[in-house]
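Summary of structural features
Here's the letter readout for the chains.
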Amino acid sequence: MNEFNRFIFYPVTGWHIGPLNNHQALVLKFGYVDPDAPDVQSQQESRFFGLTLEMARALVSHLSEQIASAENDTHHDTRQ
């Protein structure tokens, strides 16, 4: 079991992102599915999160690294 299987997660279904007017920042809001909610209420939206441009760049970099890692793991698993 890897660490990812040790917690409940909420699948992301989309997002809204854009610049915060008059600030060097972005706002980000996720759409997600709550597996514990009734079907009619399972689609949820998070609050708006604020990110400085430096944090947004770091997030992009970290996401890119994790995508590459996941792709490598997937390619490795299919060869076995």
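This section reports on the structure supplied with the text. (Residues numbered from 1 in each chain as written. Predicted model: local features only at pLDDT ≥ 70, side-chain atom pairs only at ≥ 80, totals over all residues. Heavy atoms only, no water.)

1. What to know about the overall build of the protein
Quick reminder of the rule: Strands are runs of DSSP state E lasting at least two residues, helices are runs of H or I lasting at least four, and both sets are numbered from the N terminus onward. For each residue, the accessible area found with a 1.4 Å probe, counting protein chains only, is set against the maximum for its type, and the residue is called buried under 20%, exposed over 50%, and partly exposed in between. Using a 1.4 Å probe, accessible areas were evaluated by the Shrake-Rupley method; residue-level cover was limited to the displayed protein chains.
The number of helices and strands found in the protein is 1 helix and 4 strands. Scanning the protein from its N terminus toward the C terminus, one meets helices and strands in the order β-β-β-β-α. Across the 80 residues of the protein, 16% fall into the buried class. Per element, the accessible surface of the protein, about 7,000 Å² overall, is 56% carbon and sulfur.

2. Quick word on a nonpolar patch on the surface
Operational definition: A patch consists of residues exposed above 30% relative accessible area that lack any salt bridge, with like charges linked at up to 9 Å and nonpolar side chains (Val, Leu, Ile, Met, Phe, Trp, Tyr) linked at up to 5 Å. Salt bridges are defined by distance alone: a side-chain nitrogen of Lys or Arg within 4 Å of a carboxyl oxygen of Asp or Glu.
Taken together, V12, W15 and I17 make up a surface patch of nonpolar side chains, about 350 Å² in accessible area. Inspection of the secondary structure assignment puts V12 in strand β1 (residues 12-19). Of the residues examined, V12 reaches a relative accessible area of 48% and is grouped as partly exposed.

3. Quick look at the packing of aromatic side chains
Our working definition: Only rings of Phe, Tyr and Trp enter the pairing, Trp through its six-membered ring, and a pair is recorded when the two centres are within 6.5 Å. The plane angle decides the type: under 30 degrees is stacked, over 60 is edge-to-face, the rest tilted.
A complete count under the given rule lists 1 aromatic pair for this structure. Ring geometry for Y10 against Y32: centres 6.0 Å apart, planes inclined by 80 degrees, an arrangement best described as edge-to-face. Of this pair, Y10 sits in the segment before β1 while Y32 sits in strand β2 (residues 25-33), and the two are 22 residues apart along the sequence. The exposure class assigned to Y10 is partly exposed, which follows from its relative accessible area of 39%.

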